[in-house]
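# Reading the structure
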Amino acid sequence: MFLTTQRGFCQSGSNNNKPMMIICATENKLHMGFSQMLKSSNFPVKVSSRYQSAASTKASRDPTISDHKEGVKLYVGLPLNSVSECHAINHSRAIAAGLRALKLLGVEGVELPIWWGVSEREAMGKYEWSGYLALVDMIQKSGLKLHVSLCFHACKEESIHLPKWVSEIGESKPDIFFADRSGTRYKDCLSFGVDNLPVFDGKTAIQVYQGFIESFKTFFSPFMGSTITGVTIGLGPDGELRYPSCHDRIKNSVDHGAGEFQCYDENMMSSLKENAENVGNPLGDFTAYGDFFLSWYSTQLVSHADRMLSLASSSFNDTTVKVTGKLPLVPSWYRSRSHPAEVTAGFYNTIYRNGYEEIAKIFCKNSCGMILPGVDMLDEQQPNEVFSSPELLLADIRDACRNHGVEVCGQNLNVASTIKNFEQIKQNLVGENGIELFLYQRMGSDFFSPENFPLFTAFVRSLNQVEVDLDDLGVNDGESVLLVPGKIRKLQAV
Amino acid sequence: MATVPLGTHLHHYCRLEILKFNTDFKKSTHSLCYTNIRTSMLNNGAKSCHFRPSYDSRVLNTTVRASANISRSDTALLDASISDDVIFREIFPLQRIHKVEGKITIRLDCSNNEENWQLTVGCNLPGKWVLHWGVNYVNDIGSEWDQPPVDMRPSDSITIKDYAIETPLKKSSTKDEADTLYEVKIAFNTKSSIAAINFVLKDEETESWYQYRGRDFKVPLVNFSDENDNAVGNKQEFAVWPGQFSSMMIQSEDTYSEDENKNGNSKESEKSFYEEHPIVQETVVENSMDVYIKKCSKTSNYLVNIETDIPDDVIVHWGISKDDSKKWEIPSGPYPANTYLFKNKALRTQLQHKEGGNGCYGLFPLDEETAGFLFVLKLKDNTWINYMGSDFYIPIPKESEQDREVDEEDTAYTNEIINEIRHLVSGISSEANRKTKSKEAQETILQEIEKLAAEAYAIFRSSVQTSPEITEEVVDVESTVKISSATGSGFEILFQGFNWESNKSGKWYVELEEKVAELASLGFTVVWLPPPTESISPEGYMPRDLYNLNSRYGNADELKSLVKKFHKVGIRVLGDAVINHRCAHYQNQNGIWNIFGGLLNWDDRAVVGDDPHFQGRGNKSSGDNFHAAPNIDHSQEFVRKDLSEWLCWLRKEIGYDGWRLDFVRGFWGGYVKEYMEASEPYFSVGEYWDSLSYTYGEMDHNQDAHRQRIIDWINDANGTAGAFDVTTKGILHSAIERCEYWRLSDSKGKPPGVVGWWPSRAVTFIENHDTGSTQGHWRFPGGKEMQGYAYILTHPGTPTVFYDHIFSRYKSEISALISLRKRNKIQCRSTVRINKAERDVYAAIIDEKVAMKIGPGHYEPQSGSQKWSLAVQGNDYKVWEAS
């Protein structure tokens, strides 16, 4: 664990932050001296009291979990559309079989996306959890843990929309959505600009999110801390903390364009204007304006993250549930000087500036873990022309997290992977710089396909050194049951 | 006759019959049968006489134990003739205990002078029989044996210690050749003061002793006290045999003896007797059976080879199992020679004798889906050979899991897995401490994980969001409209122009005439009118005189007028032709109604011969029987000629354009072809209605068998008629009623009804006069009819709209769907691309021109090259058109 106490961080932050930034700005991208330096330095590492207590509670409650402390806790995402808009469980038979398979395989739990557009679909404040409750019940019965993702975005691929009433408000107030320079709206999540604007029948977006979270907490309290071990709070498009700069990107593939700034809705523009007035007139100097603009643009993202994470953190403060937020991995143009793709996404991370430090700081401040996707990605699989480097970027962000004691959780980008990708995941997960929680995305036909599933099985078995932990399968000290070996089958081993 | 322990599945027939079996060493029945009146000597002396038919010696049963002590490791020892493509081999030793029933005969004869007696002991089973005997003397007390006096011993006797004599039995010379009797004769004199002769019988070949109820046989020669209860020829039983016996023993429960001197009143005469005691001889026969499997690399089929050295005829009673359950199933062919089906439960194949007569062999081809080969052997003497009390089970080794088909998705399978896992999990955890077991347990877990994954994969795959595979239509798509008797133009929209109540007014034709214009404006192209003939039932489905067209719907002229009116607005008219059955005018001599009148004055030869109710003299029915009326025997040429003529007459006289054929399950589709070719309809459709597949009251997802039966009928009719798509209706029922819209995509991502397999021949409908109306035999989910119409009116096939629905609040919605269908030129061969088949929503794109969804779930067609605009919507359905 690489968690500092909040106080510890503040101290180290106040002492070290500035010099670090200097090092960072001048040297970081030149020869990666920054991270190496940190690795060798004895940076104070402490376990936060909150996590400590959570861990000890767990340990006393369920000894088998503490057995896993050496290994990675693996969660597998359930299908995005597991619960339909009319609150039925989609492909429940397949999910049931899948849950059993995962349990037998020794997987810790599953991840379930819970959609704003499903549970608060009809009217503001009118929540319907029946479908999810049924599914969570199923998960509990299967003996698996659950990590919930609260999704405040829409998903085009699965035809999951924002709540009807949000869309209706959006028709009269289009500025609740992001807009790019040409005025094209991105309607799959709310603009950060309305976080604190009372545009939803007198409520701000944050208040609306809060209502949703509170209702969720109330309805799922029987599962909280027992079956439900973690919650990821949706931070933006696809749940990730970013601007929808590449919103036409194809799912599960990395967009190779630089993307567009998404701050042209009325509220964002007025914020920019206000900010500019406070700073004085930066328009005289083009370079200065660029810096001013990018700072402002990225600060909006950081502020949004702070609002959302603190909301989530305080909401789940009285539970043992681990709160996380997800960052995107925007590796395109990482090898360029200006990192345009990251910048339009809201990360002012260039060769001169580490954009992830302030993000990590916010995660630390709110005691939230950070989910990093793309731990399966390999530089060698990236097209050459976009100067992409997922491996370096990931290392970069993880360094930032380590600096601030933010726990990193891994997630993969592609469902069906090659052996190499699994190797890459494994490398990222194990070792001294290990990751404790990994969300494998995601259950479905690709996941169970004969091409992928055997690889996944082998991957899981290689993670848990103890192969399949028999004690995990439930204890029954009754009479022994004769094992009937099935057909002669070979598992495709790696 | 006892039964042989066999697998449970065999129980029902191994008790069926007792075969009379003659062993190789038959004897003439007569040789032993002195008289057929026998008195039970054990019946307390009572002279109760009864018949007992004499019996041959026969084999009772054979207990067979086969053990597998040679396993696959023996493959290395295979001889050269069995090449290396053998993937399995096992040699089973077969140990048969051959039980033969025979009898021991005991006969005491008195000579003329009443002093010289002769005891004859015989046995009709082959063997090296020896009589082991001794005597009791009159003044002896106790039951110890003594050696008989020397003059009493036959010449070839040998003495055993000091108390017994052994005398071999000799083949009897007096018996005829067919039967063999071994016997020994002991002559003695009453003056020798012998009180009794004791004996047991021994077969020196098998070292078996035969005694009487565990005791010696005892033949009393003087009056004994009743204490001795093992006396033969007396009311007493025999004394205990003190010696050691092998497990073989005589089973002589009943003693039949016969008093030769029925009038006898003297002591001596009472002593003369004859008795038979049934015995069972058991012999162990050792044989072996060699089973090996070869895989044919070309066809990937398997070839099971069975060889045995059993010299007799061997019948392999076999089946296959398609999974691990060892459940017997009949494989699809080809079968080996000399194979026949046994009660639909198993196959029986007689093995071929090897050249030289030493044993026999058989080859059994199995397809690659076979998981195991199950069999027992049946020998000609009704002897069964099984494997340690259960069937022989030869698992077909599969090379790797990758070969396994993964799309097993029936519910039963799932439940089975879940149960297995449940057992497994508890089983494994209790094994947890035993480390030696953990490897095995892990392997088992991994296997189960794989099963589950395969299961989940199959389901997820079947409900993929967008199926890349476009339903390709086998039938040629031609630019010019081609009329065929099954499809019309291909753009037909059918209207059922009546319901179950339409006969009530008596003037339906007139009433319907008023609606003709409206029906035309709605866009129908074909109307189906009720059965026009005279009928016993008012609805017309019990026709009698086919040429009498006065019915409860109106008279012939009104009908003609109606048809003319429809033709005027461009609607073709189908007549409801009821030709499966016909009600008779007259009774035959037995009072059975099976003689017809009218123009078609057929006699009982026109009635199928296999319906006992109507005593037809025709052939067996070529289909199912309709039980309320005589079923017409279409195999009779005169019947077909008459019916063809009748159809042609209706075409000409009334102006019908085609047919709706009632109850076509009742006769072979091939006859339909003949009628269609004779009457040349513009359009015709058959009603092939039988039940869908249900498991535990829940409709199966896979209704392929059901639609296959309909397809088979269409094929029999050579595609000259379409058929109502009952499958689609049934699946729509479940999908809509239970919110299980995933049912609307089959395993290949196509529509699950007939329309998915042969769209141009599928006449889709959601309700008719039988299923709905006032009968309601199988009513479409109430209030949700529009979802059904949104499906059939946007999909390929020829849709039918029921009268009750068009003249209801649904009219405008149906009308809108019909116009949309016509506007977009959706036809019977249009292509369907299923976009969603999930729990609560089904969505499809037809011909890339129309998008539709039914169900409460959300769906929006994705705008790509075309933009979609919502055209029709209603309760839980939406239809879009591409613009």
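Conventions used here
- Residues numbered from 1 in each chain as written.
- Chains lettered and ligands numbered in written order.
- Predicted model: local features only at pLDDT ≥ 70, side-chain atom pairs only at ≥ 80, totals over all residues.
- Heavy atoms only, no water.
- UniProt positions renumbered as here; feature names shortened; annotations may be inferred.
- Helix = DSSP H or I, 4+ residues; strand = E, 2+ residues; numbered from the N terminus.
- Buried < 20%, exposed > 50% of the residue type's maximum accessible area, 1.4 Å probe, protein only.
- Contact = heavy atoms within 4.5 Å.
- Areas by Shrake-Rupley, 256 points an atom, 1.4 Å probe, with all protein chains shown as cover.
- Pairing = 2+ DSSP bridges.
- Phe/Tyr/Trp six-rings, centres within 6.5 Å; stacked < 30°, edge-to-face > 60°.
- Lys NZ or Arg CZ within 6 Å of the ring centre and 35° of its normal.
- Core = buried A, V, L, I, M, F, W, Y, C linked by side-chain atoms within 4.5 Å.
- Polar contact = N/O pair within 3.5 Å; in protein donor to acceptor, adjacent residues only side chain to side chain.
- Salt bridge = Lys/Arg side-chain N within 4 Å of Asp/Glu carboxyl O.
- Axes fitted to C-alpha atoms, helices over the stretch in contact; angles between N-to-C directions.
- Parallel < 35°, antiparallel > 145°, perpendicular 65-115°, else oblique.
- Left-handed = near helix turned anticlockwise from the far one by under 90°.
- pLDDT = per-residue confidence, 0-100.
- Arc of directions from axis to C-beta.
- Disulfide = S-S within 2.5 Å.
- Expected span 1.5 Å × (residues − 1).

The name given to chain B in an unreviewed UniProt entry is Alpha-amylase, with the source organism recorded as Mikania micrantha. UniProt lists a comment for chain B under the heading Sequence similarities (unreviewed entry), and it reads "Belongs to the glycosyl hydrolase 13 family." Under the heading Cofactor (unreviewed entry), UniProt records this for chain B: "Ca(2+)".

An unreviewed UniProt entry lists chain A under the name Beta-amylase, from Mikania micrantha. Check the Catalytic activity (unreviewed entry) section of the UniProt entry for chain A; it says "Hydrolysis of (1->4)-alpha-D-glucosidic linkages in polysaccharides so as to remove successive maltose units from the non-reducing ends of the chains." The heading Sequence similarities (unreviewed entry) in the UniProt record of chain A holds the text "Belongs to the glycosyl hydrolase 14 family."

Looking only at helices and strands, chain B features 16 helices and 41 strands. A burial count over chain B gives 56% of its 883 residues as buried. Intrachain contacts of chain B at a sequence separation of at least 6 include 67% that bridge at least 24 residues. Counting only carbon and sulfur atoms, one obtains 48% of the accessible surface of chain B, whose full area is about 37,500 Å².

Moving on, we get to the pairing of strand 19 (residues 346–350) of chain B. Residues and elements named next belong to chain B. Of all 5 residues in strand 19, 4 are buried, a share of seventy percent or more. Pairing of strand 17 (residues 314–321) with strand 19, which is carried by 4 bridges, proceeds in the antiparallel orientation. Bridge pairing in strand 19 places Trp318 opposite Leu347. Here strand 18 (residues 339–342) folds back onto strand 19 in antiparallel fashion, the turn holding 3 residues, of which Lys343 has a positive phi close to 50°.

Another aspect to go through is the packing of aromatic side chains. In this structure the tally under the stated criterion is 65 aromatic pairs over all chains. Relative to Phe220 of chain A, the ring of Trp129 of chain A lies with its centre 5.6 Å away and its plane at 90°, an arrangement referred to as edge-to-face. Of this pair, Trp129 of chain A sits in the loop between helix 6 (116–119) and helix 7 (130–142) while Phe220 of chain A sits in the loop between helix 9 (205–219) and strand 6 (228–233), placing them 91 residues apart in sequence. Residue classification places Phe220 of chain A among the buried residues on the basis of a relative accessible area of 0%. Just above the ring of Trp602 of chain B sits the side chain of Arg582 of chain B; from NZ or CZ to the centre is 4.9 Å.

Attention now moves to the environment of Pro759 of chain B. Take Pro759 of chain B: it is sitting in the loop between helix 13 (754–757) and strand 35 (762–764). Sequence separation between Pro759 of chain B and Thr798 of chain B is 39 residues, and the spatial gap between their C-alpha atoms is 8.1 Å.

It is worth spelling out the nonpolar core at this point. If you look at the biggest cluster of nonpolar residues, it comprises 138 residues, and the most contacted ones within it are Leu150, Phe216 and Phe456 of chain A. Looking at which element gives the most residues to this core, the answer is helix 11 (residues 286–315) of chain A, with 12 residues. For Phe216 of chain A, the residues in contact, after removing those within four places along its chain, are Ile114, Trp129, Val148, Leu150, Met224, Ile228, Val231 and Phe316 of chain A. By size, the runner-up hydrophobic cluster in this structure holds 113 residues, among which are Leu562, Leu732, Ile818 and Ala837 of chain B.

Here we come to the pairing of strand 13 (residues 217–220) of chain B. Residues and elements named next belong to chain B. Residues Phe217 and Val219 line one face of strand 13 and the alternating positions Lys218 and Pro220 line the opposite face, and both faces are buried. Pairing analysis gives 4 bridges linking strand 11 (residues 194–203) to strand 13, with the strands arranged antiparallel. Paired with Ile197 across the two strands is Val219, which belongs to strand 13.

With that settled, the discussion passes to the side chain of Thr370 of chain B. Residues and elements named next belong to chain B. Note on placement: Thr370 falls in the loop between strand 21 (360–366) and strand 22 (372–379). Judged by its relative accessible area of 1%, Thr370 is buried. Within the structure, Thr370 has its side chain in polar contact with the backbone oxygen of Asp367 (distance 2.8 Å).

Looking now at the pattern of salt bridges. Residue and element names in this part refer to chain B. The full count for this structure, using the stated rule, is 49 salt bridges over all chains. Salt-bridge contacts for Asp576 lead to Arg660; the nearest nitrogen and oxygen are separated by 3.1 Å. Of this pair, Asp576 sits in strand 27 (residues 572–577) while Arg660 sits in strand 30 (residues 658–661); the two residues are 84 residues apart in sequence, bridging distant segments of the chain. Owing to a relative accessible area of 1%, Arg660 belongs among the buried residues under this scheme.

Residue and element names in this part refer to chain A. Of note, Leu112 is situated in strand 2 (residues 109–115). In this structure, the C-alpha to C-alpha distance between Leu112 and Leu78, residues 34 residues apart in sequence, is 5.4 Å. With residues near it in sequence (within four places) discarded, Leu112 still touches Leu78, Ser82, Tyr132, Leu135, Val136, Leu146, His147, Val148 and Ser149.

Glancing now at the sheet that holds strand 39 (residues 850–854) of chain B. Residue and element names in this part refer to chain B. Sheet architecture is open: 5 strands sit in the order 37-38-39-41-40, paired in antiparallel fashion. Edge positions in the sheet fall to strand 37 (832–837) and strand 40 (868–874), since each of these pairs with one other strand and no more. Averaged over all adjacent pairs, the angle separating strand axes in this sheet is 20°, with direction ignored. As judged from the 5 bridges shared by strand 39 and strand 41 (residues 877–882), these two strands associate in the antiparallel manner. Within strand 41, the position partnered with Lys853 by the bridge is Lys878. On top of the sheet, helix 14 (residues 785–792) reaches strand 38 (842–846), strand 39 and strand 41; it is set at about 150° to strand 39, its chief contact.

Glancing now at the sheet that holds strand 26 (residues 526–528) of chain B. All names here are of chain B. Spatially, 8 strands are ordered 25-26-27-30-31-34-35-36 in a closed barrel, and the strand pairing comes out parallel. The mean angle between the axes of side-by-side strands here comes to 30°, regardless of whether they run parallel or antiparallel. Bridge count between strand 35 and strand 36 (residues 798–802): 2 bridges; the pairing is parallel. If you follow Val763 over to strand 36, its bridge partner there is Thr798. Sitting on the sheet, helix 14 touches strand 35 and strand 36, and the angle it makes with strand 36 is about 155°.

All names here are of chain A. At a minimum axis separation of 8 Å, helix 13 (residues 356–365) and helix 14 (residues 390–403) run at an interaxial angle of 45°. On the basis of their axis angle, the class for helix 13 and helix 14 is oblique. Considering only the axes of helix 13 and helix 14, their crossing is right-handed. For the pair helix 13 and helix 14, the contacting residues are Tyr356, Glu357 and Ala360 in the first and Leu393, Ile397, Ala400, Cys401 and Asn403 in the second.

Should pLDDT be low for a region, the predicted coordinates there are not to be read in detail. Residue and element names in this part refer to chain A. Looking at chain A as a whole, its pLDDT mean stands at 76, while 75% of the residues score no less than 70. In the model, residues 249–255 has pLDDT below 50 throughout and makes 15 contacts with residues more than four positions away in sequence or in other chains. Overall, residues 466–494 carries pLDDT values under 50, and its contacts beyond four positions in sequence, including any with other chains, amount to 68 contacts.

With that out of the way, let us pick up helix 8 (residues 164–172) of chain A. Residue and element names in this part refer to chain A. Of all the residues in helix 8, the buried ones are Trp165, Val166, Ile169 and Gly170. Projected down its long axis, helix 8 shows its buried positions confined to an angular sector of 145°, all on one face. In the core, the buried residues of helix 8 are packed alongside helix 6, strand 4 (177–179), strand 5 (185–190) and helix 9.

The next subject is the state of the cysteines. The final tally for this structure, using the stated rule, is 0 disulfides over all chains. With no disulfide of its own, Cys368 of chain A has Cys364 of chain A as its nearest cysteine by sulfur position, at a separation of 10.0 Å.

All names here are of chain A. Between the first and last C-alpha of helix 14 there are 20 Å, a value that for 14 residues agrees with the 20 Å anticipated at 1.5 Å per step. Counting buried positions over the 14 residues of helix 14 gives 11, a clear majority of the element. Pro390, Leu393, Leu394, Asp396, Ile397, Arg398, Asp399, Ala400, Cys401, Arg402 and Asn403 are the residues of helix 14 that are buried. Phi turns positive, to about 65°, at Gly405, one or two residues after helix 14.

Residue and element names in this part refer to chain A. Cis geometry marks the peptide bond from Gln441 to Arg442; its omega dihedral reads 5°. Of note, Arg442 is situated in the loop between strand 10 (437–440) and helix 16 (453–463). Phi at Asp201 takes a positive value of approximately 50°, unusual for a residue other than glycine. Using a relative accessible area of 67% as the deciding quantity, one classes Asp201 as exposed.

It is worth spelling out the confidence of the model for chain B at this point. Residue and element names in this part refer to chain B. Residues at a pLDDT of 70 or more form 74% of chain B, whose mean pLDDT is 75. Between residues 400–418, whose pLDDT stays under 50, and residues either more than four places distant or in other chains, the model counts 32 contacts. Predicted as a complex, the structure gets a pTM of 0.41 and an ipTM equal to 0.75.

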